[in-house]
Amino acid sequence: MGLMYLASEYRRSAVPVARRLVFLTIVLSSMVYLSGIWPVMSYFHTAQSLSAAYVARLNGPITAAQYASVVASMTSSGGEAVGLSIGSNAQVAAAGRQPVEYGGDLYLYDPGCENAVQRLLLGDALVLRGSMSGSDACALDIVSAKRLKVRIGDTIEFSQLVTANDGAPLTLHGAGVVRAIYGTNADVRGLIAPLPTAQRAGAGGADVAYTDIFFYSANSDETLARLSSITSNPEWTIQSRSQAVAIAERRAVAASGPQFRTTALIAGLLIYAVYVLREQFVRIGRRRRAVAIMFSMGSSIRSIIGLMIAEQIAICVATGIAGLLIGKLLIESTLGMYIPAEATTTFVLWLVGLNVAALCILAAQLAVTFKRFPVARLLSLRQEY
Amino acid sequence: MLYTMRDVSVQYRIGERRVDVLRDFSFAVEDGEFITITGPSGRGKTTVLNILAGFLPPTSGTVLWEDNDLYAQSDDQTARYRNSQIGMVHQFFNLIPELNAVQNVMAPGLIGGANRHEARRRAEAMLDRVGVLGRAEHLPSEMSGGEQQRVAIARALMNSPRVVLADEPTGNLDRVTAAEIVALMSRLHAEDGTTMILVTHDPTVAAAGTRMIQMD
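The residue count restarts for each chain, going from 1 along the sequence in the order it is written. All chains are assigned letters beginning at A, and all ligands numbers beginning at 1, according to the order in which they are written. Only residues with pLDDT of at least 70 get local features here, since the model is predicted, and only at 80 or more are side-chain atom pairs given and counted; chain-wide, interface and lining totals rely on the full set of residues. To obtain the side-chain values, all non-hydrogen atoms of the structure were used and water was disregarded.

K.L.:
Break down the overall build of chain A for me, with residues and values.
P.N.:
Per the convention used, a helix needs a DSSP run of H or I reaching at least four residues, while a strand needs a run of E reaching at least two, with both numbered from the N terminus. Helix and strand counts for chain A come out as 14 helices and nine strands. Here chain A holds 385 residues, and the buried ones make up 46% of them. Across chain A, contacts joining residues at least 24 apart in sequence account for 82% of those joining residues at least 6 apart. Total accessible area on chain A stands at roughly 18,300 Å², and carbon and sulfur atoms take up 63% of it. With a 1.4 Å probe rolled over the protein chains alone, any residue whose accessible area is under 20% of its type maximum counts as buried; one over 50% counts as exposed, and the rest are partly exposed. Any two residues having at least one pair of non-hydrogen atoms within 4.5 Å are treated as being in contact. The Shrake-Rupley method, run with a 1.4 Å probe sphere, supplies the accessible areas, and residue values consider only the shown protein chains as cover.

K.L.:
Can you break down the interface of chain B and chain A residue by residue, with the values?
P.N.:
Each side of the interface is counted separately: chain B has 25 residues, and chain A has 20 residues. When two parts are put together, the accessible area they lose, computed with a 1.4 Å probe and summed over both, is reported as buried area. For the chain B and chain A pair, buried surface summed over both sides reaches about 2,100 Å², with 62% attributable to carbon and sulfur atoms. Among the residues chain B hides against chain A, the three largest losses belong to Phe55, Glu98 and Ile111 of chain B. Together they make up 27% of the total. Each reported salt bridge corresponds to a side-chain nitrogen of Lys or Arg within 4 Å of a carboxyl oxygen of Asp or Glu. The tally of links from chain B across to chain A stands at one salt bridge. Among the ionic pairs, Arg302 of chain A bridges to Asp76 of chain B, the shortest N-O distance being 2.7 Å. Polar contact is defined as a pair of N or O atoms within 3.5 Å, subject to the rule that within protein one atom must be able to donate a hydrogen and the other to accept it, and that residues adjacent in sequence are counted only when both atoms are side-chain atoms. At the junction of chain B and chain A, the tally comes to four residue pairs in polar contact (both at pLDDT 80 or more). When contributions to the side of chain B that touches chain A are tallied by element, the ones reaching two or more residues are helix H2 (75-84) and helix H3 (101-111) of chain B. Examining the composition of the side of chain B that touches chain A, we find that six residues originate from one element, H3 of chain B, more than from any other.

K.L.:
Which residues make up empty space enclosed by the protein, and what are the values?
P.N.:
Here a cavity denotes grid points, spaced 1 Å and computed from the protein atoms alone, that fit a 1.4 Å probe unable to get out, and a pocket denotes an open set having protein on both sides within 12 Å along at least 5 of 7 lines; residues with an atom within 4 Å of a point are the lining. Grid points are joined across faces, edges and corners, and a volume is the space filled by probe spheres set on the points. By the definition in use, this model includes six cavities of 30 Å³ or more. Each pocket or cavity is described by its volume, and for the largest cavity that value is around 130 Å³. For the largest cavity, the lining is made up of 13 residues, of which Met297 of chain A together with Ile86, Gly87, Met88 and Ala156 of chain B are closest to its centre. The element that contributes the greatest number of residues to the lining of the largest cavity is strand E6 (residues 86-89) of chain B, accounting for three residues. Along the lines of polarity and charge, the residues of the lining of the largest cavity split into six nonpolar, five polar and two charged. Charged residues are taken to be Asp, Glu, Lys and Arg, nonpolar residues to be Ala, Val, Leu, Ile, Met, Phe, Trp, Tyr, Cys and Pro, and polar residues to be all remaining types, Gly included.

K.L.:
Please provide a residue-by-residue account of the packing of helix H5 (residues 145-157) of chain B against helix H6 (residues 175-192) of chain B, values included.
P.N.:
Residue and element names in this part refer to chain B. To obtain each axis, a line is fitted to C-alpha atoms, and for helices this fit is confined to the stretch in contact; angles are then taken between N-to-C directions over 0 to 180 degrees. Running from N to C, H5 and H6 cross one another at 20°; their axes reach a closest spacing of 10 Å. One finds that H5 runs roughly parallel with respect to H6. In terms of crossing hand, the pair formed by H5 and H6 is right-handed. Contacts between H5 and H6 involve Gly146, Gln149, Arg150, Ile153 and Leu157 from the former and Thr177, Glu180, Ile181, Leu184, Met185 and Leu188 from the latter. An angle below 35 degrees is treated as roughly parallel, one above 145 as roughly antiparallel, one from 65 to 115 as roughly perpendicular, and anything else as oblique. In this scheme the crossing of two helices becomes right-handed for a clockwise turn of the near helix relative to the far one and left-handed for an anticlockwise turn of less than a right angle.

K.L.:
Please provide a residue-by-residue account of the environment of Ile266 of chain A, values included.
P.N.:
You can see Ile266 of chain A is positioned in helix H11 (residues 258-296). A sequence separation of 235 residues divides Ile266 of chain A from Met31 of chain A, and the C-alpha atoms of the two residues are 9.5 Å apart.

K.L.:
Give a detailed account of unusual backbone geometry, specifying residues and quantitative values.
P.N.:
Residue and element names in this part refer to chain B. We note that Asp24 has phi near 45°; this positive angle belongs to a residue other than glycine. Assignment of secondary structure puts Asp24 in strand E2 (residues 17-29). The backbone phi angle of Asp67 is positive, close to 70°, even though this residue is not glycine.

K.L.:
Lay out the confidence of the model for chain A in plain terms, naming residues and giving numbers.
P.N.:
Residues and elements named next belong to chain A. Residue-level confidence of the predictor is summarised by pLDDT, bounded by 0 at the bottom and 100 at the top. Summarising the model, chain A shows a mean pLDDT of 59, and 31% of its residues fall at 70 or more. Within the model, the stretch residues 42-50 combines pLDDT values under 50 with 33 contacts to residues more than four positions away or in other chains. Confidence over residues 157-165 falls short of pLDDT 50; this stretch has 38 contacts with residues more than four positions distant or in other chains.

K.L.:
If you had to explain the confidence of the model for chain B to someone new, which residues and values would you point to?
P.N.:
Caution applies to low-pLDDT regions: their predicted coordinates should not be interpreted in detail. On average, residues of chain B score 92 in pLDDT, and 100% of them are at 70 or above. What the predictor reports for the complex is a pTM of 0.59 with an ipTM of 0.88.

Written out as structure tokens, the structure is:
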């Protein structure tokens, strides 16, 4: 009887039913997407390596002259080199960890300080921009630092878009240890040695300690030989693209934090459950009359509830599988998009748009849910007759 | 005795106030009777039907079905009782709007465990018997009040119940249609010997029964 009723109801209201199923699928897939997208967001930073077959990496001393040779080799590689990035953690890393104590403001190099804060809040890697000179350094105040849980002695990672000497854009990846400073440029310069400073030091013959260079290449052996030859440095290592991507993924996942993702996924599933319950309550509200008639004809409350639970399980399985698959598909599609973190406006707008859309849908649906939550009606079901 | 009601009272509480809907009501029904219960509004006629149908446990008193306490049964037993022993006809027909006529009539059969084919065959026979087989595939919204009530009667008789409980079955129909429905119920009673308990405030309808109970 129940199946006949459901079949008849579904047949006669196929469009609204389909709309509800699609809606539930969208809710779950968007939640899966939003919870799964965080690692992907960090992953964008490594997207450059996707176009390279191999990634050569030097983590050690290099002079400015050697660096210039590496840059020059890009243009003479006949298309072999597909990208270059360099980061310097310089003296800070050498200095080692400092005692954890707040003596004043923390200074980080970022003329768009709010942007950096926002990125960190979003779980993204910190993006530093600017010429890296002390004059356009940006202060990260103690309050923000505490909020971001950045503490003196912490190791941070960053990426930076700069213009190299030849005018080409370069992405710098770096890492360093946060130190307490007191607002002078000298202190700021001591925090992370900026590239121009490093180059000036290199021009004077000094090595820049702990420089980290990634050279994205189409050929492993030639690249290694070329780079070793240019820099006279045997410390170059080479990774295949898949190795580099795997490492980057691990770093990205670690950066986004498994706890955060688990929390996000649980929150997503809870939101989905609220939607499912809302759907069912609305449905029960609409079927109140039919349920009462069935009750009068000898259906037990247990069988009616059983039928609705079975229906709900079927809907959850159908929309759940579809939602998970679509969410996964969206994540994988996003992975292939390569939205560079350097395209800040596009990137941020995209992120903000996603989050705003999700919040709007959530707020609107929750409002409707609680407005139409017919618990009282359910409780009065037995008094229908 | 089919039914025995002894000193049955029903009270509602509205805040601190107690409302007596039915007070010390007693009566008995024998198998095969056609009883009409009549009286002014608010005297508890529908309440009596709801008690007999197993919907409304009385505040005090006993209700016996074939000498067994109707309200001492389990929920499952009560559900089976409603499905197989009684059929209900309502003033506003109470057909399931999403189901067509034959599906509505099939419903008690399917609930009772009949297979779909058998239930459909019997439902069509019932519709034929009440004169609306031609409307078998129509939704309730596509039928007149009289036709809907005939479908409701067919549904009530689907499982060959011992008793049909009818609550103002003509209350929502014009005089001519009402007379047809009463005639139909009288005919079915005469043919099957099914016990009928019909609530009405219409003296003409009340006169159709073999026994009239006046609730004043």
